Structures are given as structure tokens and as C-alpha cells.
Amino acid sequence: MKKRVLKIMVMVLAVAMLFVFAACSPEIIYVADFTGEGASHAGGNTTPSTPSTGGDDQPSTGGDTNPTTGDGGTYNLTVWCAEEDMEMIYGMLESYKALYPTNKYSFTVQPQGEDTVTSAVTRDVESAADVFSFANDQLGLLINGNALTQIPSTYTAQINKQIDVARIAASYNNSYYAIPYSYENCFLYYNKSLLTDVSTMEKILSANTGANFNLGIDMNDGYYTTMFLYTAGVEIFGPQGNDPSSVDLDNENAYKACQYIMDLHNQTKLVSIAKNDQSDSLRSGRVAAMISGPHMIAQFKNALGSNFGVAMLPSIRFAGESKDTQLVSFSGVKMYGVSRKTNRDSKLTAEAMRLAAYLANSENQQIRLEEREFCPTDEDLFDDALNSGIEAVEVVVNQSEYSKLKPGLIQMGKYWTPMGDFLVGVYNFNKPESTWSTELKKIEDKLKE
Amino acid sequence: MSQLVSTKKTSSIKRKKAISKTTAYTALTVLSIIWIIPLIWMIIQSFAGPEGSKGKLFPTSFSFHWYAELFTNETYPFWRWFLNTLVIALICLVLSTFFTIAMAYVMSRYRFKGRKKLQSLGMILGMFPGFMSMAAIYYIFKSLGMAGDVAWWKMLIALILVYSGSAGLNYYVSKGFFDTVSKSLDEAARIDGATNSQVFFKVILPLSKPIIVYTALMSFLGPWGDFIFSSYLLGNETAAWTVAVGLYRMITKDPELYYNTFMAGAVIVAVPITALFLGLQRFFVEGITGGAVKG
Amino acid sequence: MTAFFHSLFAKIAGWCKKFGQNFLAFFRNLPQNLKKLCLNIGRGIRDWFLRYIKIFREGDLGVRMSYLVMGSGAFARKQIAKGIAYLAIELLFIFYMIFNGAGAIRGFFTLGTSFTYDLHFVGTDETVPVAGDDSMLCLLFGVVAILVIAGFLVMYFSNIRSASEAYENSIVGRKLPTFKDDLRALFDNKFYVVLLFVALIGVIAFTVLPLIFMILIAFTNYDRDHTATGGFDWVGFQNFGSLVGTTGLSTTFFPVLGWTLLWALCATFLNYFLGVALALLINKKDIKGQKIWRTFFVLTIAIPQFVSLLLMRQLLGEFGPIMELVRQAGGNAVNLFNNKHTARLIVILVNLWVGIPYSMLITSGILMNIPADLYESARIDGAGKLTMFRKITLPYIMFVTGPYLITQFIGNINNFNIIYLLTGGGPFGQAGLSDGAGGTSLLVTWLYSMTLDSQNYKLASTLGILTFVVSAVVSLLTYRHSSASKNEEDFQ
């Protein structure tokens with residue numbers, strides 16, 4: 001009798017569960033006809049579309065019957081952007097609404113750091129934002145994660161108006177996957193009241209500033225330490241940074257850079273300082289100058305006030321060389337992408353694309369330049385930026401001659417952590433000279449996999 | 001002579017006692033200071049003036065600026081997070097407590113086939129790192145339409161299910177308590193004609209106040225501190241965040257902007273929980289030791 | 001106090017010795033035990049087959065029919081409701097298998113065959129993504145299908161057993177329980193089934209199912225290069241090989257494992273002994289305001305850990321207030337988190353700050369719980385204070401908290417918060433460590449950064465399983481000696 005009751009309970013449970021499972025069953029579709037299309041791995045199998053030429057710009061499927069005032073449709077779109085840009089984005093979205101008064105828009109803007117957008121998007125593309133901003137080094141990973149919609153030819157004209165670097169950054173396997181809007185570089189921030197000549201590393205480190213440290217860099221971050229590799233002449237993925245077959249890290253140039261990084265440890269006026277501590281230590285005068293990324297401008301300006309100064313990266317002198325070499329920075333491009341959702345109406349995708357293009361257009365690049373000191377990628381605006389009177393942007397443009405674009409290849413996912421860890425190990429004397437060759441070889445092999 | 005020796009002895013004992021007492025008090029004072037200072041520091045930072053106090057030992061001025069900021073910031077709607085967390089915690093309190101107590105009672109009172117196996121299964125499950133299955137849980141909820149691109153309240157239900165779903169496994173402490181409740185009570189009630197369910201609800205539960213309060217307290221506290229599961233399940237839907245996700249995001253993503261706001265938020269979370277905890281401390285001690293005593 | 005530590009160390013030495021003996025015995029007996037296990041399993045399967053063959057042979061038509069049509073046995077005995085329930089289960093199962101289950105099982109093995117692709121519109125370069133399979137969903141539904149089949153089999157055999165039981169009862173002429181009787185029993189004799197059912201359904205859905213799911217991930221190549229929508233595949237034991245094998249990550253895995261164990265040892269025992277010491281100090285007879293003293297320490301328990309730990313990180317940082325004080329005093333500020341050894345020391349010390357209050361509170365509770373008559377009778381026997389402490393207080397604390405220590409140890413192996421929030425696993429770039437593991441990385445924090453930072457799900461799952469193995473071995477070796485397993489029945 002006891003057992004019977006147990007059984008009945010289990011039965012009821014099982015029946016209930018069956019219904020639940022039946023309700024959420026997988027829809028495994030076996031599509032025989034589309035084998036030719038195949039699964040698109042890293043965009044490798046999709047045939048690069050030839051951009052349509054000439055005036056036939058309207059996509060036939062966009063359903064946009066009236067491009068000037070809208071088609072009366074209702075569009076719900078989500079946008080992800082850096083938290084500090086949200087205010088500005090709200091403004092741009094308002095102007096966008098005004099452009100198409102007959103359409104009904106409902107926008108959701110959510111904060112998402114541009115550096116970690118890949119993990120947020122690839123976690124589940126279906127629940128990602130429709131339009132999101134990201135840094136170009138994540139392009140390969142996003143495409144590989146089936147997370148980006150290819151940009152249709154309607155917008156190639158807009159992308160072709162951007163500077164070369166931006167176009168390279170936005171393309172993958174000869175197709176565009178994002179619309180660039182800002183060019184960035186890292187540079188030297190300094191406290192004008194403490195430092196005057198910031199042209200060379202030696203001058204910075206030997207100056208009598210009265211601060212605890214004359215210069216701070218986040219040596220834990222491969223983004224900054226790789227600069228020394230570049231300066232020493234190492235190339236990652238070829239001269240353009242987009243050739244996955246060209247990987248050569250274990251060479252004399254790399255050792256030269258490692259030696260330099262190791263020597264930096266003995267510089268008592270240099271400190272490795274994490275991003276989160278940088279503004280405070282500038283504010284308190286503990287550190288006189290900082291090599292850091294463009295996203296820190298607002299914070300540092302706030303911290304230093306009238307003493308805020310920016311300059312190109314200093315030049316450095318490798319051991320045993322007789323003259324200085326200009327420090328080469330990593331440059332990056334920020335772009336808007338449209339997520340590749342399979343559950344979204346194609347009309348909405350077209351609208352998302354149009355919104356992405358709008359957010360990246362030259363008027364909005366100008367707004368960013370004025371409000372947030374973002375260097376534009378539009379060719380004309382970029383040329384003008386050199387005389388814009390905005391110090392930070394002028395420095396970005398100047399530094400651009402001595403910079404390498406962050407590669408957007410998927411292999412970069414295997415670069416940051418291993419190389420960053422190795423170089424900070426070199427800096428902290430945890431990786432002695434005898435291990436350099438094997439360690440670099442290891443990273444090289446991983447990148448070649 | 002002997003009297004003299006004895007007075008000497010007592011005075012030396014007295015002195016010894018006095019010394020040991022002073023040492024004890026000094027040690028306690030020093031330790032208390034070490035334990036309290038970080039918390040006091042947190043409170044002081046939260047009252048900093050509008051210029052902020054990050055990287056400073058003490059704020060240069062004091063105000064309620066950051067509390068106001070906390071409740072008016074539109075990007076990060078703290079009051080919403082607080083409500084979300086409160087609701088989740090209250091529902092978890094009911095569900096988890098019931099699951100835990102039910103499981104513990106069964107394990108303590110019944111001997112059935114597979115009981116030992118069930119116990120060791122529980123132990124085994126407890127040994128896997130909890131958040132290892134984070135991604136799997138996300139997919140399960142996604143296929144149930146409760147995660148991903150869905151309404152925020154569905155996500156919250158998912159979170160409640162995650163928190164309370166596994167509560168049955170945390171039965172050890174409560175089982176220890178039930179083991180100490182004499183079985184003769186059950187038997188007396190059975191003789192009076194009560195069914196087992198009546199025994200449970202009418203005899204055992206009323207006797208188990210300490211352990212119920214302890215379990216409820218623990219279930220209530222859980223959602224306030226978890227930022228791992230919640231941030232994975234809730235994604236970027238700020239309206240659905242809990243205080244843990246939000247505060248964690250504030251301090252890790254943009255500490256420059258949100259340093260003092262974080263401190264204010266932390267104080268607002270900590271004060272009620274601390275009050276609750278101190279008020280119910282007795283049950284905490286009774287619950288956990290009751291369980292530990294009888295294994 | 002000396003007596004306390006003397007007997008304490010004696011205890012620890014005893015534990016260590018026992019642990020060592022257990023450890024050796026475990027491996028010495030392993031082949032023998034495995035053989036026994038295999039034999040038992042084989043025997044079990046044989047008996048099981050024999051049993052169902054016997055039931056079939058001895059049963060009547062109803063019993064025999066129930067092998068094919070579930071519930072026949074019940075119908076034959078006029079247990080209509082039960083028969084319908086069984087029959088419904090069979091029909092639903094068949095229905096499910098035809099429309100869903102078969103595909104899901106196939107998906108479980110293939111993990112998807114065609115994935116998201118772009119549909120190109122003729123004449124334009126507009127593309128529309130078309131949803132394909134999702135390897136994660138294939139795996140999930142495959143697991144669900146297997147669970148459903150397993151559940152069905154349980155029901156199927158229970159149907160046969162119930163048919164045979166009812167048949168036997170009808171032969172001897174015993175009255176069969178009605179459906180109503182069965183239902184009523186659920187709230188009386190079988191009340192535990194209801195309670196268990198309620199408590200376990202959540203555990204199955206949100207703990208067991210995801211866990212099976214993630215364990216399976218360890219046997220696939222799911223990572224950043226092989227995504228769910230792009231398709232991943234089964235790879236067998238490859239991931240385990242790359243973690244503990246001679247090549248690959250083993251140079252990182254074993255140092256991290258070593259530090260994890262060292263950490264768990266330090267964290268558990270230091271917290272425990274210092275907590276006991278603090279409790280003894282507070283509970284000294286002549287200390288006034290014990291409750292207030294206790295409250296000071298308890299505050300750290302009440303504040304969510306992520307808050308207090310991030311606070312500690314700020315406090316101890318190179319540009320935090322403590323170093324600022326050092327600078328103002330003219331000293332040299334250092335970054336404590338930059339050096340492996342100081343970073344390790346810090347996490348252990350901060351863990352004391354977090355953990356001592358717990359063990360203090362528990363010990364206080366025990367001290368108050370010690371039956372007064374124990375002391376009374378000891379006093380009558382003329383025992384001094386010291387003797388009473390050694391003979392009563394100490395053994396009592398030890399006895400009660402023994403099992404607590406084991407759970408603490410396991411908990412510390414999996415102690416994610418302290419490390420992740422304080423150091424994030426750093427300092428990185430340590431000799432010999434690679435792939436995102438740093439000087440203070442535990443297996444779990446490494447697992448977490450693999451999941452979130454590098455989306456290396458396959459290795460994260462493998463690491464999770466290995467972490468489990470470590471915890472399981474440790475508790476297997478110590479559990480035999482804990483009083484909890486032995487004395488369960490003593491107190492009732």
C-alpha cells in the first residue's frame with residue numbers, strides 16, 4: 001500500500017513534467033535545401049556580397065515606403081552603449097524620432113561597457129540589444145558568435161567616407177559588419193603644474209616633480225604593455241593587423257621590448273597602477289602623469305582641473321641604442337553593430353540598421369567631438385579635428401601616425417590574457433630572461449591554432 | 001607566619017587576576033576596533049560632500065548628497081533594485097524555509113528506502129561549485145521563456161526559483177534540530193488520533209520556532225548578497241537588477257563616478273540587515289548550534 | 001591556555017594521523033573496492049532480470065498484459081483510476097517520443113546539424129538570419145528526453161510490480177486499497193512522500209538538471225571558437241587530458257590545486273581556532289558586557305560579503321587609506337596585491353576578519369549549551385578549573401564542531417567571494433601559471449574567469465568536475481571519523 005501511494009505521486013509528477021517538456025520542446029529543423037549556404041563560421045562561408053553601385057540604395061525588403069517621414073510603423077529597439085554616453089545617446093535618439101515623425105518608436109537604452117560587450121552579446125544573441133556600440137578588437141569574436149548582421153550596401157557609401165583605419169576595422173572577410181564612428185588612441189595625460197617636458201620617457205622619469213611617482217601605467221593590462229612590443233618592431237598579424245597567418249612573436253625585437261619592460265621595474269618613479277586608482281592618484285598629486293586610454297579623459301579632466309594636460313606618448317630608448325624611438329600606441333575604432341537575431345522581423349532589422357547608421361553619421365560624430373571629445377572617423381571631420389582646438393583630439397590625430405590598429409581577428413581572444421600576463425610577469429621579475437623564448441613561443445602557437 | 005603567606009598568596013592571585021582581566025579587555029578593545037573600523041569608514045564615506053572622497057582618508061565635507069544621488073539616478077534606479085530584492089527575499093523566505101524544513105523533517109523522522117542514498121546525493125550535489133551550472137540554468141529558463149529577452153518580472157521569478165529551488169539541500173542544520181525534538185511527542189499525538197501531517201503542522205512546527213527563524217533569516221539574507229547568478233540571469237535589464245548586481249556593477253565598472261554612491265547604497269542595504277540580524281542573533285546561535293550539537 | 005593548545009595540538013596530530021591512514025587505506029583498498037562494486041552491480045542486474053522474468057512467468061493475463069499495455073494489471077483488479085493513470089502515462093510517453101523525444105535524442109548525439117545561416121535576398125545584399133540548431137538547446141532537450149525516458153522506465157516497472165502485487169493479494173483474497181485510500185495515506189503514513197516531493201522538485205529542476213547538463217559540457221568543445229549557435233561537438237575526455245595530462249594546462253592546474261588546498265587548510269583551521277579563542281576570551285566569567293563585545297564582531301556577518309570585501313580591497317590598496325597613512329608617516333607605500341606572497345597573506349587575514357565571527361558565535365553557543373551538571377559533578381569530584389576545561393569544555397567543543405570543520409573545509413575549497421572580490425585571482429604573470437590563473441587563484445575563481453572572461457565553457461566545466469573530485473576525496477577521507485555519521489540515532 002505504501003508503495004502504491006508513492007507510485008501515484010510519481011505518476012502525477014511525470015504527467016505534469018511531460019506536459020512541461022512537450023511545451024518547451026526543441027524545434028530541430030532539418031533543412032536539406034540550404035546545405036549550400038551551410039553554417040556560417042566566422043563569416044567564412046558566406047559569400048562576400050559585392051556592394052551594389054549607383055543610386056539604387058533602397059533595400060527591396062526594408063519596407064521603407066517613405067524614407068523621409070517614415071512608414072507609420074511601430075519600432076521597439078534596444079541600444080547598448082557605455083554608461084557615461086547614455087545621456088548623449090538619449091539626445092540623438094530624440095533627433096532620430098524627429099526625422100521620421102510618422103513612425104512610432106520606443107527606445108530602451110541600457111548601459112554596457114564597450115570592452116566587455118562580447119560576453120554580454122554572445123551569452124545569448126536573442127536577448128542582446130538590437131544596436132550596440134563596441135570596440136573593434138571584438139569584431140571577430142562577435143562574428144564568430146553569430147552575433148553581427150552584415151551591413152547592407154545601402155550604408156557602404158557612409159562607411160567609405162570614413163578614414164582608412166576605420167574601414168579596415170569595420171570589415172571582416174571583405175564585408176562590412178559594423179559602422180565606425182570614433183577613432184581612439186591612448187596618450188599621455190599629465191599634471192601641467194608638475195611636469196613641463198613630456199617628450200621622452202627619460203625626461204618624464206627624471207623630472208623633479210615632488211610627486212611619489214612621475215608616471216603611472218597599468219602594467220597588468222596587455223593593452224598598454226603591448227605598446228612596447230610594437231615600438232620595438234614586433235608585428236602581430238602582419239603590418240595591417242588583419243593577417244591571421246602572420247604570427248611572429250618569438251624574435252629579437254620582442255626580447256628587446258621585454259628587456260625594456262623589465263628595466264622599467266627598476267625605475268623608482270614609475271608605478272604600475274590599476275585603472276580604478278588612476279584618477280585619484282592624479283588628483284592627489286601622488287602621480288604626475290599617466291599613460292592611459294581615451295575613455296579616461298572626462299575623469300582625468302575632472303581630477304586635474306586647470307592642470308590637465310595631454311600629449312603624445314613619449315619616446316623611449318631601448319637598451320644599447322643611441323637614439324629614442326617614438327612609443328607606438330594601440331589604436332582602436334568604436335563602431336555600431338546590429339545584432340544578428342533570428343527572431344526579429346526583417347523590417348525591424350532594417351530599422352535597427354538605419355538607426356546604427358544614424359548614430360554613427362557625421363552629425364553625431366560632430367556632437368561626440370564637441371560633447372565628449374571623441375575623435376571622429378569621418379574623413380573630413382578627422383582632417384578638421386587637427387585644428388579643432390580640442391587638445392585631446394589633436395593629440396589623437398598626431399599620435400595616429402605612430403599607432404597600430406587593434407586587430408579585430410578572432411585570434412585576439414587568445415592574445416590579451418596570455419600576453420598581458422606574460423608581460424606583467426616580465427615586469428615583476430617573475431618571468432626571467434631564460435623563459436622568454438618558450439613563453440613567447442607558447443603564445444605564438446596558441447595564436448596559430 | 002602561615003597567615004602571612006596566605007595573604008601574600010591571595011594578593012598575588014588577585015594581582016594575577018587583575019592583570020589577566022586588563023589583558024583581556026585590552027585585547028577585546030583592540031580586536032573590536034579592527035573589526036569595526038572598516039564599517040565606520042564605509043559610513044563616513046557615504047556622507048561625503050558632493051566633491052566625493054575616493055582616494056581620500058576622510059571626506060573634506062559632509063552631506064547627504066550621495067544618498068540623494070542614489071535615489072534620483074535614472075541610469076541606476078536603486079530604489080527599484082531595493083524593492084526587487086526585498087520582494088525576492090520575502091518570497092524566498094517563505095518558499096526556501098518551507099522546502100528546507102520539510103526536507104529536514106523527513107530526514108529526521110522517517111526511515112525509508114533510499115534515505116541514505118538521498119543524503120549522500122545531497123552531499124555530492126553540495127560539492128560541485130555552485131555557479132558552474134550558471135549557463136545551464138540560463139538556458140533552462142530561456143527555454144521556459146523566463147530569461148533573455150523577456151519582461152523583467154519573469155526574470156525575477158526565475159531568480160526566485162533558482163534561490164529557493166535548491167533550498168531542500170540545506171537541510172543539515174534543521175535536521176539536527178529536529179533530531180533533538182523528542183519523538184515521544186509525535187507518538188503521543190499519534191495515539192490521540194492525529195495524522196502525520198497534523199503532527200507536523202500542529203505539534204512539531206510550533207515547537208521549532210528557533211530553527212524556523214534561523215532558516216528564514218538565512219533564506220532572507222541570500223538574495224541580498226548574491227551577485228553571480230543574478231548578474232548572469234538578469235543581463236543588462238537594469239529594471240530587474242537586485243541591489244547586489246547594481247552595487248557591484250557601480251563599483252567595478254565606474255568607481256570614479258559611483259564610489260560614494262556605492263557606499264551610500266551599501267549602508268542602506270547593511271542597516272536593515274544588521275538590525276534584523278542583531279535582533280534575531282539568539283536564533284542564529286540556537287539554530288546553528290542546535291544543529292551542530294546533534295550533527 | 002597552554003593546556004588548551006597542548007590538547008589542541010594533540011587533537012590535530014591525531015586527526016592528521018587518521019587522515020593519513022585513511023588516505024593510504026583509501027588507495028590501498030581502491031582496486032578491491034572497485035572490484036566489489038562491479039560484482040555488486042553485475043549481481044544486481046542479474047537479479048533484476050530474473051525478478052521480472054519470474055513475475056511474467058507466474059502472473060495471470062492481467063500481469064502479463066501490463067508488460068505491453070501499462071495499467072492492464074490494475075484494470076484486471078478493477079483499480080480503474082490507477083489503470084487510467086498508468087495508461088495515460090504510456091500514451092503520453094509514446095506521443096512525446098514520436099513528436100519530440102526521438103528528435104531530442106538524435107539532437108543529443110549530433111548536437112545540431114544545421115546552424116544559423118543568412119538568407120540572401122535576390123538582387124540585393126540584404127540578408128536575413130535564419131535560426132538553425134542551437135547546440136546548447138540540443139543538449140538540454142536531449143538531457144530532458146533522457147530524464148523523461150528514465151522516469152518512464154521507473155513508471156513502467158512500477159506498473160508491473162503493482163500488477164503482480166495486486167494479483168498476489170487477490171489470490172489470498174486480501175482487500176485492495178481504493179484510490180481514495182491511497183490519496184488519504186498521502187497525508188498520513190506517506191506524508192513524507194508529499195514533503196519530499198515538494199522539496200525535491202526544485203532541486204531536480206534547478207540543481208540536478210543543470211549539473212548533469214554542465215557535466216556533459218566537459219565532454220564537448222564548447223568555447224569561444226565553437227559557440228552554441230555555431231555548433232559544438234562531443235570530444236570525449238580531451239578536456240580532462242588537457243588539464244591534468246602531461247601537456248597543456250597541467251603546469252597551471254597543479255599549482256592552482258596546491259594553493260587551493262593550502263588556502264582551504266589555513267582558512268579553515270585558523271578561522272576555527274582563533275574563533276574558539278575569541279569565544280573563550282569573551283565568555284570569560286569576569287568579562288562584563290559580553291553581549292556588546294559579541295555584537296561588535298557579529299556586525300561583519302550581517303553585512304553582505306561583496307560589500308565588506310570590496311571595502312577591504314579599497315582599504316588595503318596601494319592608494320587606499322592605510323597606505324596613505326603609511327605615506328603620511330613617512331613610510332614607503334607598497335602594493336600588497338602585487339606580490340604573490342603578500343597577496344596570499346592578505347586573503348588569509350581578510351578571511352579571518354570575515355570568518356572568525358562565525359566560529360566565535362558558534363563556539364559561544366556551545367559554551368552556553370554545555371550542561372551545568374557536568375561541571376557540578378566535576379567540582380564535587382574536586383576537579384580544578386584547568387582540569388574541567390580540559391576534560392569537559394574542550395572535548396565538548398571538539399565533539400560538536402568536528403563535522404562543522406569538514407563542511408568549512410569543503411566550503412573554503414569553493415570559497416569564491418574572498419578571492420574574487422579581493423584580488424580577482426591576481427597577481428597575474430606568475431612563473432608557471434598561465435591562461436588567466438594568478439597567484440591567488442583558486443580552482444573556482446579560475447573556473448569563473450574561464451566562463452566569463454574567455455568563454456571557455458568546456459574547460460570551466462572540466463575544472464568544476466575536478467574541483468568536485470577534490471572535495472569528494474577530502475570528505476570521503478574525513479567523513480568516516482565525524483561523529484555525525486555514526487551517532488545519528490543516539491539522540492532520539
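Residues numbered from 1 in each chain as written. Chains lettered and ligands numbered in written order. Predicted model: local features only at pLDDT ≥ 70, side-chain atom pairs only at ≥ 80, totals over all residues.

(A) Just the overall build of chain A, in detail. Each helix and strand in chain A was counted, giving 17 helices and 15 strands. A burial count over chain A gives 53% of its 449 residues as buried. The contacts of chain A with a sequence gap of at least 6 include a subset with a gap of at least 24, amounting to 74%. (Helix = DSSP H or I, 4+ residues; strand = E, 2+ residues; numbered from the N terminus. Buried ≥ 20, exposed ≤ 12 C-beta atoms within 10 Å, placed from the backbone. Contact = placed C-beta atoms within 7 Å.)

(B) Highlighting the overall build of chain B. Broken down by element type, chain B carries 14 helices and zero strands. Ordered by position in the sequence, the α and β elements of chain B form the string α-α-α-α-α-α-α-α-α-α-α-α-α-α. On C-alpha atoms alone, chain B measures out to a radius of gyration of 26 Å, which is more than a quarter above the 19 Å that the 2.2 N^0.38 rule sets for 295 residues. Judged by the C-alpha coordinates and their principal axes, chain B covers about 90 × 70 × 35 Å. Residue pairs in contact within chain B that sit at least 24 positions apart in sequence constitute 72% of those at least 6 positions apart. (Rg over C-alpha atoms; globule rule 2.2 N^0.38 Å.)

(C) Focus on the domain arrangement of chain B. Residue and element names in this part refer to chain B. Split into domains, chain B comes out as domain 1 (2–66) and domain 2 (73–293). Of note, the centres of domain 1 and domain 2, computed from C-alpha atoms alone, are 35 Å apart. Domain 1 puts nine residues into the contact, and the matching count from domain 2 is nine residues. Ranked by the residues each element gives to the side of domain 1 that touches domain 2, the list is headed by helix H1 (residues 2–46), at four residues. A breakdown of the residues in the side of domain 1 that touches domain 2 according to their chemical character gives four nonpolar, four polar and one charged. (Domains from an automatic or database assignment. Nonpolar A, V, L, I, M, F, W, Y, C, P; charged D, E, K, R; others polar.)

(D) Examining unusual backbone geometry more closely. In this model, Phe429 of chain A sits at a positive phi of 65°, which is unusual for a non-glycine residue. Tracing the backbone shows Phe429 of chain A in the loop between helix H16 (416–427) and helix H17 (433–448). C-beta crowding within 10 Å serves as the criterion here: with 12 such atoms nearby, Phe429 of chain A is assigned to the exposed category. In this structure, Lys78 of chain C is a non-glycine residue whose phi angle is positive, near 65°. Tracing the backbone shows Lys78 of chain C in the loop between helix H3 (72–76) and helix H4 (80–110).

(E) Representation of the environment of Ser175 of chain A. Within the secondary structure layout, Ser175 of chain A lies in strand S5 (residues 175–176). Taking the C-alpha atoms as reference points, Ser175 of chain A and Ser153 of chain A, separated by 22 residues in sequence, lie 9.6 Å from one another.

(F) View of the domain arrangement of chain A. All names here are of chain A. Looking at the assigned domains, one finds that chain A contains domain 1 (74–184 + 332–385) and domain 2 (186–330 + 407–448). A straight line from the C-alpha centre of domain 1 to that of domain 2 covers 29 Å. Taken residue by residue, the interface counts 13 residues in domain 1 and 12 residues in domain 2. For the side of domain 1 that touches domain 2, the element with the highest residue contribution is helix H4 (residues 139–144), accounting for four residues. Residues that form the side of domain 1 that touches domain 2 fall into these classes: five nonpolar, four polar and four charged.

(G) Seen up close, the environment of Ile163 of chain A. Relative to the helices and strands, Ile163 of chain A resides in the loop between helix H5 (156–160) and helix H6 (164–170). Note: C-alpha distance between Ile163 of chain A and Pro180 of chain A (17 residues apart in sequence) is 9.4 Å.

(H) Main features of the interface of chain B and chain C. At the interface, 73 residues of chain B touch 82 residues of chain C. Broken down by element, the residue count for the side of chain B that touches chain C peaks at 11 residues, all from H1 of chain B. Of the residues belonging to the side of chain B that touches chain C, the class tally is 51 nonpolar, 17 polar and five charged.

(I) Quick look at the environment of Ala279 of chain C. Residues and elements named next belong to chain C. On the secondary structure map, Ala279 appears in helix H9 (residues 250–282). Owing to 24 C-beta atoms within 10 Å, Ala279 belongs among the buried residues under this scheme. For Ala279 and Gly231, which are 48 residues apart along the polypeptide, the C-alpha to C-alpha distance reads 57 Å. Contacts of Ala279, omitting those with residues within four sequence positions, involve Met360, Thr363, Ser364 and Leu367.

(J) Spotlight on the sheet that holds strand S9 (residues 270–272) of chain A. Residues and elements named next belong to chain A. Read from one edge to the other, the open sheet built from five strands follows the order S9-S8-S10-S7-S11, with strand pairing classed as mixed. At either end of the open sheet lies a strand with only one pairing partner, and these are S9 and strand S11 (308–311). Neighbour to neighbour, the strand axes of the sheet diverge by 25° on average, direction disregarded. By the bridge criterion, three bridges tie strand S8 (residues 213–217) to S9 in an arrangement that is parallel. Considered in S9, the bridge of Leu215 is made with Leu270. (Pairing = 2+ DSSP bridges. Axes fitted to C-alpha atoms, helices over the stretch in contact; angles between N-to-C directions.)

(K) Focus on the confidence of the model for chain B. Residues and elements named next belong to chain B. Across chain B, the average pLDDT comes to 86, with 94% of residues at 70 or higher. The least confident element of chain B, judged by mean pLDDT, is helix H14 (residues 281–293) at 67; the most confident is helix H3 (residues 78–109) at 93. Taken together, the chains of this predicted complex give a pTM of 0.85 and an interface ipTM of 0.87. (pLDDT = per-residue confidence, 0-100.)

(L) Fine view of the confidence of the model for chain A. Residue and element names in this part refer to chain A. Here chain A averages 83 in pLDDT, while 85% of its residues score no lower than 70. Looking across chain A, the model is least confident in helix H1 (residues 2–23), with a mean pLDDT of 50, and most confident in strand S3 (residues 131–135), with 95. Confidence over residues 17–66 falls short of pLDDT 50; this stretch has 87 contacts with residues more than four positions distant or in other chains.

(M) Geometry of helix H17 (residues 443–452) of chain C. For H17 of chain C, the tally of buried residues reaches nine of 10 residues, placing the bulk of the element in the interior. Residues of H17 of chain C that are buried include every one of Leu443, Val444, Thr445, Trp446, Leu447, Tyr448, Ser449, Met450 and Thr451 of chain C, and no others.

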